[in-house]
Amino acid sequence: MCPPTHFKVTYSINPWMDPGKPVDLPLALAQWEDLRDRYRALGHTVEELQPHPELPDMVFAANGATVVDGRVLGARFAYPERTAEAAAHLEWFRARGYRDIHEPEHINEGEGDFAVTASWVLAGRGFRSSPLSHPEAQEFFGRPVIGLDLVNPRYYHLDTALCVLDDTTDSEVMYYPEAFSPGSQAVLARLFPDAIIAQEADAEAFGLNAVSDGRNVLLPQAAVGLFEPLRQRGYEPIGLDLSELLKGGGSVKCCTQELRG
Ligand code: ARG
């Protein structure tokens, strides 16, 4: 995670960002700290990346890389405003002794567009990550990469429309169908017949931008419609308020990069 020390909305690269709308920075920091402290209270280790004054979106750490089986696929950002974030992430991994690192040829925005199940990588395309980043990820990770077409600019990253709830299986996800093309909706219905299907209000509240450890699901508290379906399937929903970060077009998942293996 990267603290929102320098978070602000001075440009707009997704429909949620309005540079005319003020951000309450102390509140953003308090909301972010609450998320970090919840992870720690649940027993998870949280590493912190040093924020950079010229990179206001760096708080959205999920976009900086994708780590699967201890292998690090670096990011390559679609917009110049975020380009320099990729190197900051790679530097962190190198300093930490990660050796299996791939600097990508094609645009991919890390876990913004890559979601990991027990044996697959689900991969979004349409707004940010290049379709060519999918075979690149498949070759590097040695896992089947399943491409999914995003069609609604409000759900510009896969992690705004789909969440893996248990990565020890290939069956537990929740998603918002309308964010995907008809063909990708059919793919999702085949792969995940038992998925939790989100309604528009919960998707709009960024309820799919959640992080699950297989039991606890941290998600925006405004996504009230997801709590009961999650409980019915044996998960423990934990609601958080990240309203200030939503002004940048991100929430729980965007702020969290998972270090797998
Ligand atoms: N302002 C950032 C952008 O548009 C938000 C990124 C949100 N991150 C995510 N994983 N969806 O790039």
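Cut-offs used in this document
Residues numbered from 1 in each chain as written. Predicted model: local features only at pLDDT ≥ 70, side-chain atom pairs only at ≥ 80, totals over all residues. Helix = DSSP H or I, 4+ residues; strand = E, 2+ residues; numbered from the N terminus. Rg over C-alpha atoms; globule rule 2.2 N^0.38 Å. Buried ≥ 20, exposed ≤ 12 C-beta atoms within 10 Å, placed from the backbone. Contact = placed C-beta atoms within 7 Å. Core = buried A, V, L, I, M, F, W, Y, C linked by C-beta atoms within 7 Å. Arc of directions from axis to C-beta. Pairing = 2+ DSSP bridges. pLDDT = per-residue confidence, 0-100. Right-handed = clockwise from strand over helix to strand, strands pointing away.

In the nomenclature of an unreviewed UniProt entry, the chain is known as Amidinotransferase of Streptomyces palmae.

A. Representation of the overall build of the chain. Check the secondary structure of the chain and you find seven helices and 12 strands. Rg of the C-alpha trace for the chain: 17 Å, near the compact-globule value of 18 Å for 261 residues, within the 12% margin. When the backbone C-alpha atoms are referred to their principal axes, the chain occupies close to 45 × 40 × 35 Å. For the chain, the proportion of its 261 residues judged to be buried stands at 45%. Summarising the internal contacts of the chain: among those between residues at least 6 apart in sequence, 63% fall at separations of at least 24.

B. Seen up close, the nonpolar core. Among the nonpolar cores identified, the biggest contains 69 residues, and Ala 161, Leu 208 and Cys 255 are the most heavily contacted of them. Sequence-distant contacts of Leu 208, defined by excluding residues within four places in its chain, comprise Thr 160, Ala 161, Leu 162, Cys 163, Met 174, Tyr 175, Tyr 176, Ala 198 and Ala 203.

C. Layout of helix 2 (residues 85-95). The set of residues buried in helix 2 consists of Glu 85, Ala 86, His 89 and Trp 92. For helix 2, the buried positions fall inside an angular range of 125° around the axis, keeping them on one side. Turned more than 90 degrees off the buried face of helix 2, the exposed positions are Glu 91, Arg 94 and Ala 95. For helix 2, the secondary structure elements touched by its buried residues are strand 1 (65-68) and strand 2 (71-74).

D. Highlighting the sheet that holds strand 12 (residues 236-240). Strands sit in the order 10-11-12 across an open sheet of three strands; the sheet is mixed. Only two strands of the sheet have a single neighbouring strand rather than two, namely strand 10 (211-212) and strand 12.

E. Main features of the confidence of the model for the chain. Mean pLDDT over the chain stands at 98; residues scoring 70 or higher make up 100%. Two numbers describe this predicted complex: its pTM, 0.97, and its ipTM, 0.96.

F. Inspection of the sheet that holds strand 9 (residues 196-197) at higher detail. Taken in spatial order, the three strands line up as 7-8-9 in an open sheet, and their pairing is mixed. Sheet topology places strand 7 (162-164) and strand 9 at the edges, where each strand pairs with a single neighbour. When strand 8 (residues 173-175) meets strand 9, the two strands line up parallel, connected through two bridges. Within strand 9, the position partnered with Met 174 by the bridge is Ile 196.

G. Structural view of the pairing of strand 12. Where strand 11 (residues 216-220) meets strand 12, five bridges bridge the pair, whose relative direction is parallel. Bridging from a neighbouring strand, Asn 216 pairs with Glu 236 of strand 12. At this point the chain moves from strand 11, through helix 6 (residues 227-232), to the parallel strand 12, and the crossover so formed is right-handed.

H. Quick look at the environment of Ala 222. Turning to its location among the elements, Ala 222 is positioned in the loop between strand 11 and helix 6. According to the C-beta neighbour criterion, Ala 222 is partly exposed, with 19 such atoms within 10 Å. In the structure, Ala 222 is positioned 17 residues away from Gly 239 in sequence and 7.6 Å away in space, judged by C-alpha atoms.

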